[in-house]
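# Notes for the structure review
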Amino acid sequence: MGTSEQLCRLKVLIVEDDFINMEFLVEILRLYVAELFRATNGQEAIDMTLNQSSSIDLILMDIKMPFMDGFEATNTIRQHGLNIPIIAQTAYATEFDKKRILQAGFDGYISKPIDEKLLIQTILNVL
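Here the structure is a predicted model, which means the values were calculated and not measured.

Parameters and conventions
Residues numbered from 1 in each chain as written. Predicted model: local features only at pLDDT ≥ 70, side-chain atom pairs only at ≥ 80, totals over all residues. Heavy atoms only, no water. Helix = DSSP H or I, 4+ residues; strand = E, 2+ residues; numbered from the N terminus. Rg over C-alpha atoms; globule rule 2.2 N^0.38 Å. Buried < 20%, exposed > 50% of the residue type's maximum accessible area, 1.4 Å probe, protein only. Contact = heavy atoms within 4.5 Å. Areas by Shrake-Rupley, 256 points an atom, 1.4 Å probe, with all protein chains shown as cover. Lys, Arg positive; Asp, Glu negative; His and termini not counted. Charge placed at Lys NZ, Arg CZ, Asp CG, Glu CD. pLDDT = per-residue confidence, 0-100. Core = buried A, V, L, I, M, F, W, Y, C linked by side-chain atoms within 4.5 Å. Polar contact = N/O pair within 3.5 Å; in protein donor to acceptor, adjacent residues only side chain to side chain. Pairing = 2+ DSSP bridges. Axes fitted to C-alpha atoms, helices over the stretch in contact; angles between N-to-C directions.

### As for the overall build of the protein
Looking only at helices and strands, the protein features six helices and five strands. Along the chain direction, N to C, the helices and strands of the protein fall in the order α-β-α-β-α-β-α-β-α-β-α. Taken against the 2.2 N^0.38 rule, which gives 14 Å for 127 residues, the C-alpha radius of gyration of the protein at 13 Å falls within 12% of a compact globule. For the protein, the spread of C-alpha atoms along the three principal axes comes to 35 × 35 × 30 Å. Every one of the 127 residues in the protein was classed for burial, and the buried ones make up 46%. Look at the contacts in the protein between residues 6 or more apart in sequence, and 63% of them connect residues 24 or more apart. Only carbon and sulfur atoms are counted for the fraction: they give 51% of the accessible area of the protein, which is about 6,700 Å². Of note, the protein has its 11 positive side-chain charges centred 4 Å away from the centre of its 18 negative side-chain charges.

The following block contains the structure:
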């Protein structure tokens with residue numbers, strides 16, 4: 001389990017295609033982490049992760065996105081041998097969805113609408 005001291009040094013990639021959801025996550029996380037990167041689809045997330053893998057400590061990955069969804073993006077990142085913690089953030093909130101997400105290689109899961117305290121706790125849990 002991580003600590004709040006680790007949190008303040010984190011560089012986080014937020015992958016989210018919805019502008020309002022992106023801004024909400026940025027507003028929350030900018031208070032806690034060192035640096036934020038943004039991607040609006042799975043392919044951008046892969047490109048940024050592969051190009052800056054040493055700079056990214058954690059990925060918040062939306063599941064449903066255009067061009068490439070979060071499942072495919074996470075699978076591709078894992079195929080490149082990168083073990084960056086990836087937390088799914090999604091509106092899919094059933095127990096079946098959560099189980100499917102965790103079996104697909106995500107390290108954590110948070111459902112939308114996102115609760116700030118739960119998000120921070122989920123991040124700390126995967127560190």
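Next comes the rest of the write-up.
### A short note on the confidence of the model for the protein
Summing up the model confidence of the protein, the mean pLDDT is 92 and the portion of residues at 70 or higher is 97%. Within the protein, no element has a lower average pLDDT than helix H1 (residues 4–7), which sits at 80, and none a higher one than strand S3 (residues 58–62), at 98.

### Some points on the environment of Ala39
As for its position among the elements, Ala39 is in strand S2 (residues 35–39). Overall, the relative accessible area of 0% leaves Ala39 in the buried class. When the C-alpha positions of Ala39 and Glu16 are compared, they lie 6.4 Å apart, and in sequence the two are 23 residues distant.

### What about the nonpolar core?
Judged by nonpolar contacts, the single largest core of 23 residues is most densely connected at Leu13, Val15, Ile59, Met61, Ile77, Ile101 and Phe106. Counting only elements with at least two residues in this core, the list comes to strand S1 (11–15), S2, helix H3 (42–51), S3, helix H4 (70–79) and strand S4 (86–90). In this structure, Phe106 is in contact with Met61, Ile63, Gly70, Phe71, Thr74, Ile86, Ile87, Ala88 and Ile101, ignoring residues within four places of it in sequence. Counting residues in each nonpolar core, the second largest holds 20 residues, with Leu7, Ile14, Leu60 and Ile120 among its members.

### So, helix H6 (residues 116–126)
Think of an α-helix as 3.6 residues a turn; residues three or four steps apart then line up on the same face. When we look at burial in H6, the residues that qualify are Leu119, Ile120, Thr122, Ile123, Leu124 and Val126. Looking at where H6 begins, the residue whose side-chain oxygen comes 3.2 Å from the main-chain nitrogen of Lys117 is Asp115.

### Here we look at the side chain of Gln89
Relative to the helices and strands, Gln89 is located in strand S4. Its relative accessible area of 1% is what places Gln89 among the buried residues. For Gln89, the side chain forms a polar contact with the main-chain oxygen of Val15, separated by 3.1 Å. Discounting residues that sit within four places of it in the chain, Gln89 has contacts with Val15, Glu16, Leu25, Leu60, Met61, Asp62, Ile63, Ile110, Lys112 and Ile114.

### Concerning the sheet that holds S3
Whenever strands of a sheet pair, they do so through backbone hydrogen bonds, lying parallel or antiparallel. If you walk across this open sheet you meet the five strands as S2-S1-S3-S4-S5, and the pairing is parallel. Each end of this open sheet is capped by a strand with a single partner; those strands are S2 and strand S5 (108–111). With strand direction ignored, the average angle separating the axes of adjacent strands in the sheet is 20°. With four bridges joining them, S4 and S5 adopt parallel strand pairing. Looking at the pairing, Ile87 lines up with Gly108 of S5. Against the sheet, H3 engages S1, S2 and S3, with an angle of about 140° to S2.

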